[in-house]
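Close look at the chain arrangement
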Amino acid sequence: MSRKDDHLREAMTQSIVPNDFEGVRFVHPSLPTVNVANVDTSVELFHRRFAYPVYINAMTGGTRQAKAINSRLGKLSARFGLMMASGSCSVAMNDPSTAHTFTPIRDENPEGFIAANIGVSAPVAYAQQAVDLLAANALQVHLNAPQEVAMDEGDRDFTFWPDNLAAMVRAVNVPVIAKEVGFGMSRETMRRLQKLGVKHVDVSGRGGTNFIAVENARSASPMEGFATHGLSTVESLLEAREVDGMTVLASGGVRHAYDVVKALALGAKAVGMSRFFLECARETSLATAVTRVETMLMDVKKIMAVLDCQTVDALPRVAMIFSGELASFMRQRGLM
Ligand SMILES: Cc1cc2nc3c(=O)[nH]c(=O)nc-3n(C[C@H](O)[C@H](O)[C@H](O)COP(=O)(O)O)c2cc1C
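Summarised in this report is the structure supplied together with it. Bear in mind the structure is a predicted one, so any value in this text is a computation, not a measurement.

**Details of the site of the ligand**
Contacts to the ligand come from 26 residues, most closely from Ser 88, His 142, Gly 208, Thr 209 and Ser 274. Elements that contribute at least two residues to the shell around the ligand include exactly α1 (2-13), β5 (83-88), β7 (138-143) and α12 (275-281). Counting residues per element, the shell around the ligand draws most heavily on α1, which supplies 3 residues.

Okay, structure coming up:
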């Protein structure tokens, strides 16, 4: 399954690009009243309280390298009590001899909250099998049409996706999170997902790992120009404000604590990072990785204190200013 190792290599070599988080600014309060030591970063999600509003998002499985990364990520998720999603589990259903490359996620974190991940085009039965593989607490179903068309060996027929997704929601005994893979979600998409029974989304928007670029690098016929496609994570969160009754998680281009705080202020209930945790997993020692995660999580607390917010709930009340491009997006989409 060298495609998975290709993804790891290409994702790590992508340059970090400026993204829409830079177009979001807080109105700075110069006289905050909060003690960093008292900042409470906890959030409630899926009837569980998490100490931090950050999760390790879907990445890998299926190869020896993937197993080592999953083991490291599993240790980090256990250490900090972070929710963690696996990479797409289809490979383990197609070839059960690879299941052991996923299971360290659960073995390293027996009590943790784990989401299994599966593609929307997989056989419906795979959904519960993926949940069972990891004794998972939730299922992420990824929606990745741009990646599929950019992949030489990818899917071309999307006609059955809505029905397949609805069937997966009915088939599993855990909450389903419909997840993009870096191209964002509009409010129209979120409302369509709601009609299919989905109550949780991960908008995973443009601005970070770009799977059109990743596939272009592997392809005999790269899709020129297409890598700019998609809605950014910030744009997707602005869209999500218009959708009632949906739990919205955010990922895509979240590089550091300041982006985490901005995503929370824009209404995300929790914030996923892939590239950041991949870099941590590849640190030379676990201790170095732990320090890096610890520093990032402490930075979230420091920034919240500067913004005069003792709890995550307070963040959406901080006044924000949007760049001209984001303001134009909001005007054109009827969001202001
Ligand atoms: C190496 C790698 C593999 C990935 N594999 C999956 C996958 O199997 N399923 C999925 O839903 N998303 C997958 N993703 C997408 C991420 O979960 C996330 O949506 C995307 O990378 C944007 O986040 P980032 O900018 O923090 O990397 C993968 C990302 C990376 C970097």
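This is not the end of the story, as more comes after the structure.
**Examining the pairing of strand β11 (residues 270-273)**
Covered by surrounding structure in β11 are Ala 270 and Gly 272 together with Val 271 and Met 273, the residues of both alternating faces. Of the pairings in the sheet, the one linking strand β4 (residues 54-56) to β11 comprises 3 bridges and is parallel in character. Opposite Ile 56, over in β11, you have Met 273 as the bridge partner. Between the parallel elements strand β10 (residues 247-251) and β11, the chain passes through helix α11 (residues 257-265) in a crossover that is right-handed.

**As for the packing of helix α5 (residues 124-134) against helix α7 (residues 161-171)**
Running from N to C, α5 and α7 cross one another at 40°; their axes reach a closest spacing of 8 Å. By the angle between their directions, the pair α5 and α7 is classed as oblique. In the crossing of α5 with α7, the sense of the turn from one axis to the other is right-handed. Between α5, through Val 124, Ala 127 and Gln 128, and α7, the contact on the second element is made entirely by Asn 164, Ala 167, Met 168 and Ala 171. When the residues that make up the contact of α5 with α7 are grouped by side-chain class, the tally is 5 nonpolar, 2 polar and no charged.

**Quick look at the environment of Arg 317**
Inspection of the secondary structure assignment puts Arg 317 in the loop between α13 (286-306) and β12 (320-322). Arg 317 gets classed as exposed once you count the C-beta atoms within 10 Å, which come to 10. Measuring from C-alpha to C-alpha, the distance between Arg 317 and Ile 114 comes to 30 Å, with 203 residues separating the pair along the chain.

**What to know about the nonpolar core**
Counting 99 residues, the largest nonpolar core has Ala 116, Leu 139, Val 201, Ala 268 and Val 271 as the members making the most contacts within it. Excluding its chain neighbours within four sequence positions, the residues that come into contact with Ala 116 are Ser 86, Cys 89, Ala 130, Val 131, Leu 133, Leu 134, Ala 136 and Leu 139.

Procedures and definitions
Residues numbered from 1 in each chain as written. Predicted model: local features only at pLDDT ≥ 70, side-chain atom pairs only at ≥ 80, totals over all residues. Near = placed C-beta within 6 Å. Helix = DSSP H or I, 4+ residues; strand = E, 2+ residues; numbered from the N terminus. Buried ≥ 20, exposed ≤ 12 C-beta atoms within 10 Å, placed from the backbone. Pairing = 2+ DSSP bridges. Right-handed = clockwise from strand over helix to strand, strands pointing away. Axes fitted to C-alpha atoms, helices over the stretch in contact; angles between N-to-C directions. Parallel < 35°, antiparallel > 145°, perpendicular 65-115°, else oblique. Left-handed = near helix turned anticlockwise from the far one by under 90°. Contact = placed C-beta atoms within 7 Å. Nonpolar A, V, L, I, M, F, W, Y, C, P; charged D, E, K, R; others polar. Core = buried A, V, L, I, M, F, W, Y, C linked by C-beta atoms within 7 Å.

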